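# Report on the structure
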Amino acid sequence: PGGGPTSPVVALMAMSRVTKWFALLHVLIVIVDALAGDLALLLGPYRALGLLFLGAPACGYVSASRMEPYGVLVYLAFCLLIVAYHVWVMFATMDLWKLLLLLFELYMGRVVLRFGRWLLALGKSPAPPGSEHPNALADLRAGRVSYVPW
């Protein structure tokens, strides 16, 4: 049960790391797009307002670190918003690079969706008998989990 290289806990921790890397990548994408990309052209002299979108990737990074499902869902909403934005930009510019970025954004959203669903499922799963925490997610945050109950 628990600590092998293919265990669900190992997979969940890997998804946490990948979500954190995606959040950092989104920070870079937002900064470049807000200051010198299509968003900068759209906002004109108010391009610094595009940096307000940095809050969602920061929330995703912190939430993935702390295994907080609702913060990850906020980041997922940002991922969906940025996919919609890149669809619009791709059709407006008809650029192959925008299509490739859109496909990568879809993949990132898929990973964040799976991670968020796993965290939500863990939050509803009961802890094992004898645990002082109310659910399996609390045990995972405390570092005392070697199983995932599915």
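First, a word on scope: everything that follows refers to the structure included in this document.

How each quantity is defined
Position labels on residues start from 1 in each chain and follow its written sequence. Only residues with pLDDT of at least 70 get local features here, since the model is predicted, and only at 80 or more are side-chain atom pairs given and counted; chain-wide, interface and lining totals rely on the full set of residues. Excluding hydrogens and water, the side-chain figures rest on all heavy atoms present in the structure. Secondary structure follows DSSP: runs of H or I at least 4 residues long count as helices, runs of E at least 2 residues long count as strands, and numbering of each begins at the N terminus. Centres within 6.5 Å make a pair out of two Phe, Tyr or Trp rings, where for Trp the six-membered ring is used; the pair is then stacked when the planes are under 30 degrees apart, edge-to-face when over 60, and tilted otherwise. The buried label goes to any residue with under 20% of its type's maximum accessible area, the exposed label to any with over 50%, and the partly exposed label to all in between, with areas taken from a 1.4 Å probe on protein chains only. We call a set of buried Ala, Val, Leu, Ile, Met, Phe, Trp, Tyr and Cys residues a nonpolar core when their side-chain atoms join them within 4.5 Å. We call two residues in contact whenever any of their non-hydrogen atoms come within 4.5 Å of each other.

## Some details on the environment of Asp-38
Position of Asp-38 among the secondary structure elements: in helix H2 (residues 38-43). As a C-alpha pair, Asp-38 and His-86 span 48 residues in sequence and 9.7 Å in three-dimensional space.

## Digging into the packing of aromatic side chains
Within the structure shown, the criterion is met by four aromatic pairs. Ring centres of Phe-22 and Tyr-107 lie 6.2 Å apart, and the angle between their planes is 80°; this geometry places the pair in the edge-to-face category. Of the two residues, Phe-22 sits in helix H1 (residues 8-36) while Tyr-107 sits in helix H5 (residues 96-124), which places them 85 residues apart along the sequence. Taking the relative accessible area as the measure of exposure, Phe-22 reaches 9% and is therefore buried.

## A look at the nonpolar core
With 21 residues, the main nonpolar core has Leu-12, Tyr-75, Phe-78, Val-112, Phe-115 and Leu-119 as its most contacted residues. If you list the elements that add at least two residues to this core, you get H1, helix H3 (55-66), helix H4 (69-93) and H5. Ranked by residues supplied to this core, first place goes to H5 with seven residues. Contacts of Phe-115, omitting those with residues within four sequence positions, involve Leu-12, Met-15, Ser-16, Thr-19, Ala-64, Met-67 and Val-72.

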